[in-house]
Amino acid sequence: MLKLALAAGVSALILSLMLKLVGTSVDDATRPSLLQLLKNTVLLGVAGYFVLNFIGLILRTFRYHILIKASGEENTPTLLHLGAVTGVRNMMVDLLPARIGELIYVALLNRGYQVSASNCLSSLSIAVVFDFIALGTIILLSGLILAIYGANALWLWSTFLAVFILVSIAVVGFTVILPKFSVLLSNCQFNNSILKGIQTLTAQLDQSVESCRKAGVFTSVFVLSVAIRSVKYGGLFLLFLAVASPAFPELSEASWEKILGALVGAEISASLPVPTLMSFGTYEAGGTLAFSALGFSEADSFLSLLGVHIWSQSIDYGLGLICFLIIILLFRSKNKSSSPLRSKALIASVGLFFLIGCFLFALQYRSNLKLGSSNAPPIGHSTLEENTQQLQTGLNGLSKNNVTGFVVWSSNRFGNHDILRMDLPSGEIQQVTTHPHTETWARISPDGAQLVFARSREPWVSQRNSVAWDVYIKDLKTNDETLISENASYPFWVKPNTIGFLQSGTSIQQYDLSTGEFLTTFQPGVNNSVPEGAPLSSPDIHPVTNETVFTTRQSAINLNTGFWGTGLWDGVQEVQGVLDGCELNWSGDGSKLYQVGHGGRQKTMFYQIDPATLVAEPLLDLPGEFSHEYWPEDSNDGRYLVFGASRGDHEHDTADYEIFLWEIGQPEADAFRLTFHSGNDNWPDIFIQ
């Protein structure tokens, strides 16, 4: 039971790291592209990498076994146990900068299998040196092949030169510096126990290396090293093609030597002593630099290499965890008399490790859930046939009140989220947009002639990601579209010739349609009390006073009753916390504020807020099964409120929300449904003529 708890704790810890990498290793603008890239990866190539990676694990195990035996070690582990140690080493090698994670190999063999530290270090060090010798050999052969065919590969020879220098330094270190340093230390008299230990270890390491040399195993080690490097780069080559070919054909169709050079550059860069986790960042930087020097797109190169890195690390950690379980389940200490696993201290340590691993996994899992769905919701089906009379009754009421106009919203009922339009009072629905990417946050201009909306930069982007979008304006008569700003979301109309939007998730900007000028209205930390870089959402600007409202973390606006809260900025410095909840926006005439707040039958309801006193009063909480309300928006004449509501499900762009219309001030029960579809309908707006 104790062993299983330890294994589960380690598994949870590793899974939490991988979740963090997939969810937060890139910025918000790049994350959807990465998720699409991982989703579209050719799994046959991933399987090929796995097979070659496993073959490489076996070859490394044989190489370590040869080196440990040649050093004269009496406690050489069996191939099964040594293979398990090698798998854990492969998992941990890139966890710390400069490949320090490789020392787990020494720790496991020395403490778990009583292999002397000098023989552990010598087998590891010699293997590393021969890895570089094998790499240099592969690059040299590649260069010669290209030279025979008359190809220019100066960059490949440059890589060979760098590897040759590293190998030369390592060889000189083992054959010249280490023996002389060992003799120098042996002639010294140390009283300090640490210095004596270094003296002894150095002498033993020198002796171990010399024993391997005399045993004549270096030829076998060299052949195995070339085979190890060949299967490694063969697997990475297959994995790169699997990742790049669906999205970046130009990269996947590059010649083999260019891809090899980039992969080698990425690995060398990952070995640098730069403080990164699992070499993320340094690996991509080295490979991207190589690809860009060859004329390929930096952005495409970075994403492809990041995809390769995530897939390879996932497989390496998967094999490593299996090997770790083998060590835990099969290892038997030679010292049967002592039972450390039964000690209270060890039990407490394992229990604590298990709890920490589970806590970190739960934390990362929750964090990734907050990033929103990684897939578009199902299209759903129409439910209008059985609700025709209900819709017609509501539309007839509009007709009696001489209400003419239209409602727009975002819906996935035609395959992806498009902007739809329903004319009032006819109820006729038509598509305003038909782009293959997601479109949402549609807002109608004050004169009803234009529409501002956001379009995702990838086919699917969760609305929880407020960066990976572009803001467009669409002329509803000519259907012409104009790009206003990239990496922007939550667009809205400030006044007839001015729109506002959220730029890069943290800056509220205005755009003047007549002059084409941009103006930053609000940015956290700039002439205001909100912390710099605080995330914002659902902003709105008063058409006359320029007072700005937004949603952010409550800690940023001195509210502490929940996670999200709304704030109002007076345009000078003071930011006032308004209410816990979200989606605070001005009424069309700027006389009041509407907000989604807590309470209500299904945890939400609408409030009306006096901007002078910030006193909030309940406005609407629907009766019936649809009472989880969001996105209140009043009509341009102030008579009607259009909004969405679900049966309690919350996720804005995947749950079954329906669009409702309510004449402000009338009984709550008079609000009626405009849409009847099991897909997702969200972020409506209304214009009354």
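None of the values given here were measured: they were computed from a predicted structure.

Reading guide: rules and limits
- Each chain carries its own residue numbering, running from 1 in the written order of its sequence.
- Where local features are concerned, this predicted model is filtered to residues with pLDDT of at least 70; where side-chain atom pairs are given and counted, the filter is 80 or more; whole-chain, interface and lining totals use all residues.
- Note that the side-chain values use all heavy atoms of the structure and ignore hydrogens as well as water.
- Pairs of strands are assigned from DSSP output, requiring at least two bridges between the strands.
- Every helix listed is a DSSP run of H or I at least four residues long, and every strand listed is a run of E at least two residues long, numbered separately from the N terminus.
- Angular values range over 0 to 180 degrees, each being the angle between N-to-C directions of two axes fitted as lines to C-alpha atoms, with helices fitted over their stretch in contact.
- Two helices that cross are described as forming a left-handed crossing if the nearer one is turned anticlockwise from the farther one by less than a right angle, and a right-handed crossing if clockwise.
- We call two residues in contact when some of their heavy atoms are within 4.5 Å.
- Only Asp, Glu, Lys and Arg are considered charged in this grouping, and only Ala, Val, Leu, Ile, Met, Phe, Trp, Tyr, Cys and Pro are considered nonpolar; every other residue, Gly among them, is considered polar.
- Among buried residues, the Ala, Val, Leu, Ile, Met, Phe, Trp, Tyr and Cys ones that are joined through side-chain atoms within 4.5 Å form a nonpolar core.
- Relative accessibility decides the category of a residue: with a 1.4 Å probe and only protein chains considered, values under 20% of the type maximum give buried, values over 50% give exposed, and everything between is partly exposed.
- The term salt bridge refers to a pairing of a side-chain nitrogen on Lys or Arg with a carboxyl oxygen on Asp or Glu at a separation within 4 Å.
- Pairing of aromatic rings covers Phe, Tyr and Trp, the last through its six-membered ring, and needs centres within 6.5 Å; plane angles under 30 degrees mean stacked, over 60 mean edge-to-face, and all others mean tilted.
- By the criterion adopted, a ring carries a charge over it if an Arg CZ or a Lys NZ lies within 6 Å of its centre and within 35 degrees of its normal.
- Here the angle decides the label: under 35 degrees means roughly parallel, over 145 means roughly antiparallel, 65 to 115 means roughly perpendicular, and every other value means oblique.

**Student:** Got a sec to walk through the sheet that holds strand β12 (residues 537-541)? Specific residues and values, please.
**Tutor:** Taken in spatial order, the 7 strands line up as β12-β13-β14-β15-β16-β17-β18 in an open sheet, and their pairing is antiparallel. Edge positions in the sheet fall to β12 and β18 (616-620), since each has one partner strand and no second. For this sheet the average axis-to-axis angle between neighbouring strands, irrespective of direction, equals 50 degrees. Examined bridge by bridge, strand β16 (residues 593-598) and strand β17 (residues 604-609) share 6 bridges and lie antiparallel to one another. In the sheet register, G597 faces β17, and the bridge partner there is M605.

**Student:** Tell me about the packing of helix α4 (residues 79-92) against helix α5 (residues 103-113), and name the residues and values.
**Tutor:** The interhelical angle for the contact between α4 and α5, taken along N-to-C directions, is 145 degrees, at an axis separation of 8 Å. Note on packing geometry: the crossing formed by α4 with α5 is right-handed. Contacts between α4 and α5 involve H81, L82, V85, V88, R89 and M92 from the former and I104, Y105, L108, L109 and Y113 from the latter. Residue classes in the contact of α4 with α5 are distributed as 9 nonpolar, 1 polar and 1 charged.

**Student:** Residue-level account of the nonpolar core, with values.
**Tutor:** With 72 residues, the main nonpolar core has V88, Y105, L109, F240 and Y283 as its most contacted residues. Considering each element in turn, this core owes the most residues, 12 residues, to helix α13 (residues 298-330). In contact with Y105, not counting residues within four places along its chain, are Y64, I68, V85, R89, C120, S123 and L124. Counting 40 residues, the second-largest nonpolar core is a separate cluster that includes A454, L502, C582 and F606.

**Student:** I'd like a description of the sheet that holds strand β1 (residues 405-411), backed by residues and values.
**Tutor:** Reading across from one edge, β3-β2-β1-β23 is the order of the 4 strands in this open sheet, with antiparallel pairing throughout. Edge positions in the sheet fall to β3 (429-431) and β23 (681-688), since each of these pairs with one other strand and no more. Direction aside, the axes of adjacent strands within the sheet are offset by 25 degrees on average. Direction of pairing for β1 relative to strand β2 (residues 418-424): antiparallel, over a ladder of 7 bridges. Along β2, the bridge assignment pairs G405 with L424.

**Student:** So, the pattern of salt bridges: which residues are in play, and what are the values?
**Tutor:** The full count for this structure, using the stated rule, is 18 salt bridges. Of the charged contacts in the structure, one is a salt bridge between E267 and K232, with a shortest N-O distance of 2.5 Å. With E267 in helix α11 (residues 256-270) and K232 in helix α9 (residues 218-244), this residue pair connects regions lying 35 residues apart in the sequence. For the salt bridge of R647 with E625, the shortest nitrogen-to-oxygen distance reads 3.0 Å.

**Student:** Can you lay out the pairing of strand β14 (residues 564-569) for me, pointing to particular residues and giving the numbers?
**Tutor:** Of all 6 residues that make up β14, 5 are buried, and the element is covered over most of its length. Here β14 runs beside strand β15 (residues 575-586); their pairing, made up of 5 bridges, is antiparallel. Bridge pairing in β15 places G565 opposite D580. Linking β14 back to β15 in an antiparallel pair, the connection comprises 5 residues, with G571 at a positive phi of about 90 degrees.

**Student:** I'd like a description of the packing of aromatic side chains, backed by residues and values.
**Tutor:** Applying the stated criterion across every chain yields a total of 21 aromatic pairs. On the basis of an interplanar angle of 70 degrees and a centroid distance of 4.8 Å, the ring pair of W441 and W469 is categorised as edge-to-face. Here W469 lies in strand β6 (residues 469-475) and W441 lies in strand β4 (residues 439-444), a separation of 28 residues in the sequence. Relative accessible area serves as the criterion here: at 0%, W469 is assigned to the buried category. Among the aromatic residues, those joined into a cluster by ring pairs are W441, W469, Y490, Y630, W631, Y657 and W683. Directly above the aromatic system of Y64 lies the positively charged group of R63, at a separation of 5.8 Å from the ring centroid.

**Student:** Tell me what's going on with the packing of helix α3 (residues 43-70) against α9, and back it up with residues and numbers.
**Tutor:** Two numbers describe how α3 lies on α9: the axes approach to 8 Å, and their chain directions differ by 165 degrees. By the criterion of interaxial angle, the relationship of α3 to α9 is roughly antiparallel. Crossing hand, α3 versus α9: left-handed. Looking at the contact of α3 with α9 residue by residue, the class counts come to 17 nonpolar, 7 polar and 2 charged.

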